[in-house]
Amino acid sequence: MLSAVRTNGKAAVGVVLLTIFTILAVVPQLFTSVRDPNARQYELSLAPSAHHLLGTTAFGQDVFGQLVWGTRQSLEIGVVVGVLATFISVVMGLSAAYLGGFADGMLSMVTDVFLVIPTFPLIIVIAAYAGKGNLLVIIVVLVVTGWSYGARQLRAQALSLRNRDFLEAARVRGERRSYIIFREVLPTMTSLIVANFLGAALYAVLTAAGLQFIGLGDPSSVSWGTMLYWAQSNEALQTGQVWWVIAPGLAVATLGAAFALLNYAFDEIGNPALRPVRRRRVRRTAT
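Fair warning: this is a prediction, and the values are worked out from it, not measured in the lab.

Thresholds applied
- As a convention, each chain's residues are numbered from 1 in the sequence order in which they are written.
- Local features in a predicted model are, by the rule used here, given only for residues with pLDDT of at least 70; side-chain atom pairs are given and counted only at 80 or more, and totals for whole chains, interfaces and linings are based on all residues.
- Values reported for side chains reflect all heavy atoms of the structure, with hydrogen atoms and water molecules removed beforehand.
- Put simply, DSSP H or I for four residues or longer makes a helix, DSSP E for two residues or longer makes a strand, and each gets a number counted from the N terminus.
- Any two residues having at least one pair of non-hydrogen atoms within 4.5 Å are treated as being in contact.
- Computed with a 1.4 Å probe, the accessible areas rest on the Shrake-Rupley method; for each residue, only the protein chains presented here act as cover.
- Fitted lines through C-alpha atoms give the axes, limited to the stretch in contact for helices. The angle between two N-to-C directions lies from 0 to 180 degrees.
- These descriptions rest on fixed angle ranges, namely under 35 degrees for roughly parallel, over 145 for roughly antiparallel, 65 to 115 for roughly perpendicular, and the rest for oblique.
- Under the convention adopted here, Pro, Cys and the residues Ala, Val, Leu, Ile, Met, Phe, Trp and Tyr are nonpolar, Asp, Glu, Lys and Arg are charged, and Gly plus all remaining residues are polar.
- For patch detection, residues must exceed 30% relative accessible area and be free of salt bridges, and they are connected within 9 Å for like charges or within 5 Å for nonpolar side chains (Val, Leu, Ile, Met, Phe, Trp, Tyr).
- What counts as a salt bridge is simple: a side-chain nitrogen of Lys or Arg found within 4 Å of a carboxyl oxygen of Asp or Glu.
- The cut-offs for exposure are 20% and 50% of the maximum accessible area for each residue type, with area from a 1.4 Å probe on protein chains only; residues under the lower value are buried, those over the upper are exposed, and the others partly exposed.
- Any helix carries an expected span of 1.5 Å times its number of residues minus one.
- This arc describes the spread of directions from the helix axis toward the C-beta atoms.
- Side-chain rings of Phe, Tyr and Trp (the six-membered ring for Trp) are treated as a pair once their centres are within 6.5 Å; stacked means planes under 30 degrees apart, edge-to-face means over 60, and tilted covers the remaining angles.
- The term nonpolar core refers to a set of buried residues drawn from Ala, Val, Leu, Ile, Met, Phe, Trp, Tyr and Cys, joined through side-chain atoms within 4.5 Å.

Draft legend 1. Examining the overall build of the chain more closely. When you go through the chain residue by residue, the secondary structure sums to 12 helices and zero strands. Sequence-ordered secondary structure for the chain, helices as α and strands as β, is α-α-α-α-α-α-α-α-α-α-α-α. Sequence-distant contacts, at least 24 apart, represent 68% of the contacts inside the chain between residues at least 6 apart. Of the roughly 15600 Å² of accessible surface on the chain, a fraction of 63% belongs to carbon and sulfur atoms.

Draft legend 2. Quick peek at the packing of helix H8 (residues 165-172) against helix H9 (residues 177-188). For the pair H8 and H9, the least separation of the axes is 11 Å and the interaxial angle reads 175°. Considering the angle they form, H8 stands roughly antiparallel to H9. Residue-level inspection shows Phe 166, Leu 167, Ala 170 and Arg 171 of H8 in contact with H9, the latter providing Ile 180, Glu 184, Val 185 and Thr 188. Split by residue class, the contact of H8 with H9 holds five nonpolar, one polar and two charged.

Draft legend 3. Spatial organisation of a nonpolar patch on the surface. Side chains of Phe 102, Met 106, Met 109, Val 110 and Val 113 sit close together on the surface and give an oily, nonpolar patch of about 470 Å² of accessible area. On the basis of relative accessibility, which here comes to 67%, the residue Phe 102 falls in the exposed class.

Draft legend 4. A look at the environment of Tyr 149. Among the structural elements, Tyr 149 can be located in helix H7 (residues 148-161). Tyr 149 sits in the exposed class, given a relative accessible area of 56%. Taking the C-alpha atoms as reference points, Tyr 149 and Ser 89, separated by 60 residues in sequence, lie 7.9 Å from one another.

Draft legend 5. Just the environment of Ala 201, in detail. Relative to the assigned elements, Ala 201 resides in helix H10 (residues 190-213). Residue Ala 201 is classed as buried on the basis of its relative accessible area, which comes to 0%. In the structure, Ala 201 is positioned 59 residues away from Ala 260 in sequence and 9.2 Å away in space, judged by C-alpha atoms. Once you skip the residues sitting within four places of it in the chain, Ala 201 turns out to touch Gly 78, Gly 82 and Phe 259.

Draft legend 6. Quick peek at helix H2 (residues 9-26). Over its 18 residues, H2 runs 26 Å from end to end, which matches the ideal 26 Å to within 8%, given 1.5 Å per residue. Within the sequence span of H2, burial applies to Ala 11, Gly 14, Leu 18, Phe 21, Leu 24 and Ala 25. The buried residues of H2 all sit within an arc of 155° when viewed along its axis, so they share a single face.

Draft legend 7. Region of interest: the packing of aromatic side chains. Here the structure, examined in full by the defined rule, presents five aromatic pairs. Taking 5.6 Å as the distance between ring centres and 85° as the angle between the ring planes, the aromatic pair formed by Phe 59 and Trp 230 counts as edge-to-face. With a gap of 171 residues between them, Phe 59 in the loop between H2 and helix H3 (63-99) and Trp 230 in helix H11 (residues 224-233) connect regions that are remote in the sequence. Ring plane angle 90° and centroid distance 6.3 Å describe the contact between Phe 59 and Trp 244, whose orientation is recorded as edge-to-face. Of this pair, Phe 59 sits in the loop between H2 and H3 while Trp 244 sits in helix H12 (residues 242-270), placing them 185 residues apart in sequence. Each member of the pair, Phe 59 together with Trp 244, is buried.

Draft legend 8. Inspection of H7 at higher detail. The terminal C-alpha atoms of H7 lie 20 Å apart, and with 14 residues this matches the ideal 20 Å at 1.5 Å per residue to within 8%. Residues of H7 that are buried: Ser 148, Gly 150, Ala 151, Leu 154, Arg 155, Ala 158 and Leu 161. Taken down its axis, H7 places every buried residue within 145° of arc, on the same side. Buried residues along H7 sit in contact with H3, helix H4 (101-116), helix H6 (135-146), H8, H9 and H10.

Draft legend 9. Representation of the side chain of Gln 66. On the secondary structure map, Gln 66 appears in helix H3. Sequence-distant contacts of Gln 66, defined by excluding residues within four places in its chain, comprise Pro 37, Asn 38, Thr 57, Gln 61, Val 222, Met 227 and Trp 244.

Draft legend 10. Fine view of the nonpolar core. Leu 67, Trp 224, Trp 244, Leu 255 and Phe 259 are the most contacted members of the largest nonpolar core, which has 31 residues in total. Elements with a contribution of two residues or more to this core: H2, H3, H10, H11 and H12. Ranked by the residues each element gives to this core, the list is headed by H12, at 10 residues. Apart from the residues lying within four places of it in its own chain, the contact partners of Trp 224 are Phe 21, Leu 67, Gly 70, Thr 71, Ser 74, Pro 248, Ala 251, Val 252 and Leu 255. One finds Ala 170, Ile 180, Val 185 and Leu 186 within the second-largest nonpolar core, a separate group that totals 16 residues.

Right, here's the structure in full:
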């Protein structure tokens, strides 16, 4: 799989972008001298300059400092939601496919219910009434609404593997179900599981930013979504503070693109039919 990732252009670009964001999230002090991104210690609404690369906000905060520090929460939401939603997808999808019968019917019905629920309105309602501004509530809501599509994909893949010769051989040898699932089935579905994680992380980053933008996040926290919320509340575009809006918007889009590129790449790795056909140069020999 690693060799396939190295030779895939989408994966290479996605890895580079995600590595940059990870470094920004882990050690933001390397990129900005701002230690408290919420500190109101500068002149209000300054234009971009050598001291403030993206200017300052209407509250006297450094926009670039907030952008760098905001990477941490935005990336954390994507990774945590991606891991938890993928875990639920794997458990539900593989259990339904492998158990079959009544268990498959019940688990598939639950998955279908979550698939047809209008997700974003439900997220808004739950986030608004269950705990406005609570990051944990946002993460839980995103996990609950973000696992079903992956579970459906994993179930379909597991069903196609259930009667393969290598699994029949494992059953004939008397291997336990846990051994068959963890040692035989899961390794063959690694690329699909990774693709589901990346898809869930992409969904989480974009949806969390949307929730924070409309005021359902913690306004005192530092993230790209809350930057957009405060910029919109203070009419940043109308007052000429364009970078207060453009910078976090570009950051959300770029992080989303990183997850999306890796997702497309792993789809191609797991499904040869999706791989682009590379034309080979045919050397003409003189007759």
